[in-house]
Amino acid sequence: MTEPDASLHGKGSSEAYINCSSEHKKYTMIHGCGIHFWMYNEQYLSRFRQFFDYWLKGEENGIMDEKPVELQIRTGRGSYYWRREEDWPVPGTEYRRFYLNAENGSLCEQCGPDASVSYSADVMHNETRRVEGATFISEPFTEDVEIAGYIKAGLFVSSTSEDMEIHMNVRVLDEDGDEVIYPAFTSMEPNLPVGFGSMKVSHRILDPEKTRDDLPVYQHTKEAWAPLVPGEIVEAEVGTFPTSALIRKGWRIRLDIDPVSNRWVCYEEEKYRKDATNSIHTGEGHPSYLQLPVLPKVVPGTMK
């Protein structure tokens, strides 16, 4: 039975459920002000007790009659609701791709013309978001969309240096262009984006046995280390922690790609950033994309 605070701890719990061979397992995705608040709340402690009382004491308490997966779907500005499912990732999830357009900084469901955007990699770790990388924004959504799972980006990139950091942040903008804040108001990091992930491009080689459509897994071996040839374009997949959000009709998504991180990942290797320029390549020749895990629509009366 896994019950994570989704962000730093969420990936481990999610992967534990996905890779557990037992049919008798449960998963709860929680986004909150910290794993300690949720774990020790009586509402959740009682569920742990029920689970272990059933399996260790043989008590018929109904815990295994409930759907095994419950997801806290965040609606923005501190609110949420629960969605219950039969498995995780949610069966029927559509992995919808939005293609980057470097010509106008947009995210579209069709590839645009071949183009690229470049930015300086010669920046230092900064406590504020903007270190002036590349930004891409979608058109307003035409309907409400629920997402839950792993966000992923597939990016065609190059650098004038031997290596390159990719730090991606996915945010949501309302009708007025203001960011919709999804973490709870009591969160220790209230400005966390909906999805975020980081990688070094020299570690882009994937593990073919562990990589899934929704999550890249890197080999991270000496043999798989692949430094860049300056100017050469390569493809790199960037994964994230599992997340959830309701994106309202009329809202937009924004993808920020930065050369350094302002959060938990800071490689601090200035040698390949000194005087370097990074580039993102887009279009039919280099179809860079952002992928969202869009949940199937719920039939009224089936979310019990």
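The structure we're discussing is the one just above.
Along each chain, residues carry numbers from 1 onward, in the same order as the chain's sequence is written. Predicted model: local features are reported for residues with pLDDT of at least 70 only, side-chain atom pairs are reported and counted for 80 or more only, and whole-chain, interface and lining totals are derived from all residues. Hydrogens and water are ignored here; the side-chain numbers use all heavy atoms of the structure.

S.K.: Help me out: how do you make sense of the sheet that holds strand β2 (residues 69-76) in this one?
M.R.: The strands making up a sheet associate through hydrogen bonds between their backbones, and the pairing can be parallel or antiparallel. Across the sheet, three strands lie side by side as β1-β2-β3; this open sheet has mixed pairing. In this open sheet, the two edge strands, each paired with only one partner strand, are β1 (27-29) and β3 (79-85). Between one strand and the next, the sheet's axes are offset by a mean angle of 15 degrees, whatever the strand orientation. Note on pairing: DSSP must find at least two bridges between two strands before they are called paired. Strands here mean DSSP runs of E at least two residues long; helices mean DSSP runs of H or I at least four residues long; both are numbered from the N terminus. Axis definition: a line fit to C-alpha positions, over the contact stretch in the case of helices; interaxial angles, taken between N-to-C directions, run 0 to 180 degrees.

S.K.: Help me understand helix α1 (residues 10-19) in this model?
M.R.: Given 3.6 residues to a turn, an α-helix orients residues that are three or four positions apart in the same direction. Remark: exposure states derive from per-residue accessible area (1.4 Å probe, protein chains only) relative to the maximum for the residue type, with buried under 20%, exposed over 50%, and partly exposed in between. Among the residues of α1, Gly10, Ser13, Ser14, Glu15 and Tyr17 are the ones counted as buried. If you follow the buried residues of α1, they end up packed against β1, β2, β8 (145-159) and β11 (234-247). We call two residues in contact whenever any of their non-hydrogen atoms come within 4.5 Å of each other.

S.K.: Please clarify how helix α3 (residues 42-57) should be interpreted in this entry.
M.R.: Burial in α3 covers these residues: Tyr44, Arg47, Phe48, Phe51 and Asp53. Gly58 occupies a position one or two residues after α3 and carries a positive phi of about 75 degrees.

S.K.: Can you help me understand the nonpolar core in this one?
M.R.: What tends to happen in soluble globular proteins is that the nonpolar side chains get buried as a cluster. What we call a nonpolar core is a set of buried Ala, Val, Leu, Ile, Met, Phe, Trp, Tyr and Cys residues that are connected through their side-chain atoms within 4.5 Å. Counting residues in each nonpolar core, the largest one holds 39 residues, and the members touching the most others are Ile166 and Leu290. When neighbours within four sequence positions are excluded, Ile166 is seen to be in contact with Leu155, Val157, Gly197, Ser198, Met199, Val201, Ala236, Val238, Ile257 and Asp258. Counting residues in hydrophobic clusters, the runner-up holds 11 residues, among them Val69, Ile73, Leu246 and Leu295.

S.K.: Looking at this structure, how should I read unusual backbone geometry?
M.R.: For residues besides glycine, phi is generally negative; the peptide bonds are generally trans as well. Looking along the chain, the bond that leaves Trp88 and enters Pro89 is cis, with omega of -5 degrees. You can see Pro89 is positioned in the loop between β3 and β4 (94-101). At Arg77, a position not held by glycine, the phi torsion is positive, near 60 degrees. For Arg77, the position within the fold is in the loop between β2 and β3. Unusually for a residue other than glycine, Asp275 sits at a positive phi of about 60 degrees.

S.K.: Looking at this model, I keep getting lost on the pairing of strand β13 (residues 277-282). Mind explaining?
M.R.: Within a regular strand, side chains alternate between the sheet's two faces. Among the six residues that make up β13, five are buried, leaving the element largely enclosed by the rest of the structure. Here strand β6 (residues 115-120) runs beside β13; their pairing, made up of six bridges, is antiparallel. In the sheet register, Ala115 faces β13, and the bridge partner there is Thr282. Across four bridges, the pairing between β8 and β13 is antiparallel. From the neighbouring strand, Ser158 faces β13, where its bridge partner is Ser279.

S.K.: Please clarify how the pattern of salt bridges should be interpreted in this entry.
M.R.: Pairing between side chains of opposite charge can happen when the charged atoms of each approach one another. Salt bridge, as used here: a side-chain nitrogen of Lys or Arg that lies within 4 Å of a carboxyl oxygen of Asp or Glu. Across all of its chains, the model carries 18 salt bridges by this definition. With a shortest N-O distance of 2.9 Å, Arg254 and Asp256 are connected by a salt bridge. By the burial criterion, Arg254 is buried, and Asp256 matches it. Here the salt bridges do not stand alone but share partners, grouping Arg47, Glu66, Glu70 and Arg84 into one network.

S.K.: It is not clear to me how the environment of Asn101 should be interpreted in this structure. Could you clarify?
M.R.: Inspection of the secondary structure puts Asn101 in strand β4. Each C-alpha atom of the pair Asn101 and Pro287 lies 9.0 Å from the other, and the pair is 186 residues apart in sequence. Setting aside chain neighbours within four positions, we find Asn101 in contact with Ser106, Gly112, Pro113, Phe136 and Thr282.

S.K.: How should the environment of Glu235 be read in this particular structure?
M.R.: Position of Glu235 relative to the elements: it lies in strand β11. Taking the C-alpha atoms as reference, Glu235 lies 8.5 Å from His286; in sequence the two are 51 residues apart. Apart from residues no more than four positions distant in its own chain, Glu235 is found in contact with Leu155, Phe156 and Arg204.

S.K.: Can you walk me through a nonpolar patch on the surface in this structure?
M.R.: In this analysis, a patch consists of residues with relative accessible area above 30% that form no salt bridge, clustered at 9 Å for like charges and at 5 Å for the nonpolar side chains Val, Leu, Ile, Met, Phe, Trp and Tyr. To be clear on the numbers: accessible area is Shrake-Rupley with a 1.4 Å probe, and residue cover counts the displayed protein chains and nothing else. On the surface, Phe52, Trp55 and Leu56 cluster together into a nonpolar patch covering about 350 Å² of accessible area. With respect to the helices, strands and loops of the structure, Phe52 is situated in helix α3.

S.K.: Just checking my understanding: could you explain the environment of Ser159 for this structure?
M.R.: Following the sequence through the fold, Ser159 ends up in strand β8. In contact with Ser159, not counting residues within four places along its chain, are Met164, Leu228, Val229, Pro230, Gly231, Ala276, Thr277 and Asn278. Whenever two N or O atoms come within 3.5 Å, that pair is a polar contact, provided that in protein one can donate a hydrogen and the other can accept it, and provided that, for residues adjacent in sequence, both atoms are side-chain atoms. Separated by 2.9 Å, the side chains of Ser159 and Asn278 make a polar contact.

All we've got here are geometric facts, nothing functional implied.
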